[in-house]
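Okay, here's what each chain looks like letter by letter:
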Amino acid sequence: MKIKILLVAAVLLSIFLVEAQKRQLPVDTLVVTTGQVTIGGKVVPYRASTGTQPVWDDNGQPIASLFHTYYERTDIKDNTARPLVISFNGGPGSASVWMHLAYTGPKILKIDDEGYPVQPYGVRENPHSILDVADIVFVNPVNTAYSRSIPESGDKVDRSKFFGVNADIKYLADWINTFVTRKNRWRSPKYLIGESYGTTRVSGLALELQNRQWMYLNGVILVSPTELGIKREGIVE
């Protein structure tokens, strides 16, 4: 009897796994909500837009879809002079969740002074968020969070277009170009921020965006840098 139960369980699990692999998010979609956060004693209203945006190939066909979350302050009439911060975590297989929910976003996880979760689990306002002075987009590269590559033909994916130091930089630069164009932020000051391997990523993106996209950044912020030929002690000049 136990063997039959185990066999049935194994068959059901296999079915569930197969069906789960078939589930896909829309290639290009967006959900928008609003909220507010108190920073420096002042209430900052914002709009949060989360969803997927494609990466296009040379023929204009989507080859990947990146999940992202974009926060923009809503009581600013003209965002021409308002900075846009484009944020990445590291890994390189990590989503942008830690920069999002533990560093610069309007909400952070409930944790104690040593970094352990506090019950009841959840989030709280982040009084140190940078949303009072800059809009932020948290980007999840391919195969992190809900971001996925799209098979170009059949069931095979050309992994060389996404997985590699230079490939990672190239397609993310294309994605950023699309995002900045869609959000009409070309005139805004633009900054990249990366953590751990994200520091390697944003360092390469700075040059890639300038050379291939004609996008000149106003600054690059490195959080917990990897081995980039710079000293880890003290202030990086």
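Our subject is the structure that appears above.
Quick notes on the rules
- Residues numbered from 1 in each chain as written.
- Predicted model: local features only at pLDDT ≥ 70, side-chain atom pairs only at ≥ 80, totals over all residues.
- Heavy atoms only, no water.
- Salt bridge = Lys/Arg side-chain N within 4 Å of Asp/Glu carboxyl O.
- Helix = DSSP H or I, 4+ residues; strand = E, 2+ residues; numbered from the N terminus.
- Buried < 20%, exposed > 50% of the residue type's maximum accessible area, 1.4 Å probe, protein only.
- Contact = heavy atoms within 4.5 Å.

Caption draft 1: Region of interest: the pattern of salt bridges. For the structure shown, the criterion picks out nine salt bridges. Note that Glu72 is salt-bridged to Arg47, the shortest N-O span being 3.1 Å. Of the two residues, Glu72 sits in strand β3 (residues 62–73) while Arg47 sits in strand β2 (residues 42–56), which places them 25 residues apart along the sequence. Overall, Glu72 belongs to the buried group, its relative accessible area being 14%. The class of Arg47 is partly exposed, set by a relative accessible area of 32%. Residue Asp135 pairs with Arg185 through a salt bridge whose shortest N-O separation is 2.8 Å. With a gap of 50 residues between them, Asp135 in strand β7 (residues 135–139) and Arg185 in the loop between α3 (165–182) and β9 (190–195) connect regions that are remote in the sequence. Here Asp135 matches Arg185 in class, with each residue buried. Salt bridges sharing common partners tie together Lys170, Asp174, Glu208 and Arg212.

Caption draft 2: Spatial organisation of the side chain of Ser94. Take Ser94: it is sitting in the loop between β4 (84–88) and α2 (97–104). Once residues lying within four places of it in the same chain are set aside, the contact partners of Ser94 are Asn89, Pro141 and Thr144.

Caption draft 3: Highlighting the environment of Glu195. Topologically, Glu195 is positioned in strand β9. In sequence terms Glu195 and Trp98 are 97 residues apart; their C-alpha atoms lie 9.1 Å from each other. Not counting chain neighbours up to four residues away, the residues in contact with Glu195 comprise Phe88, Asn89, Gly90, Met99 and Val223.

Caption draft 4: Quick look at unusual backbone geometry. The omega angle of the peptide bond from Gly91 to Pro92 is 15 degrees, so this bond is cis rather than trans. As for its position among the elements, Pro92 is in the loop between β4 and α2. For the peptide bond that leads from Gln119 to Pro120, omega is -5 degrees, which places it in the cis range. Checked against the element boundaries, Pro120 lands in the loop between β5 (107–109) and β6 (123–125). Positive phi outside glycine occurs at Asn143, with the angle close to 70 degrees. With respect to the element layout, Asn143 can be found in the loop between β7 and β8 (148–149). You can call Asn143 partly exposed: its relative accessible area is 44%.

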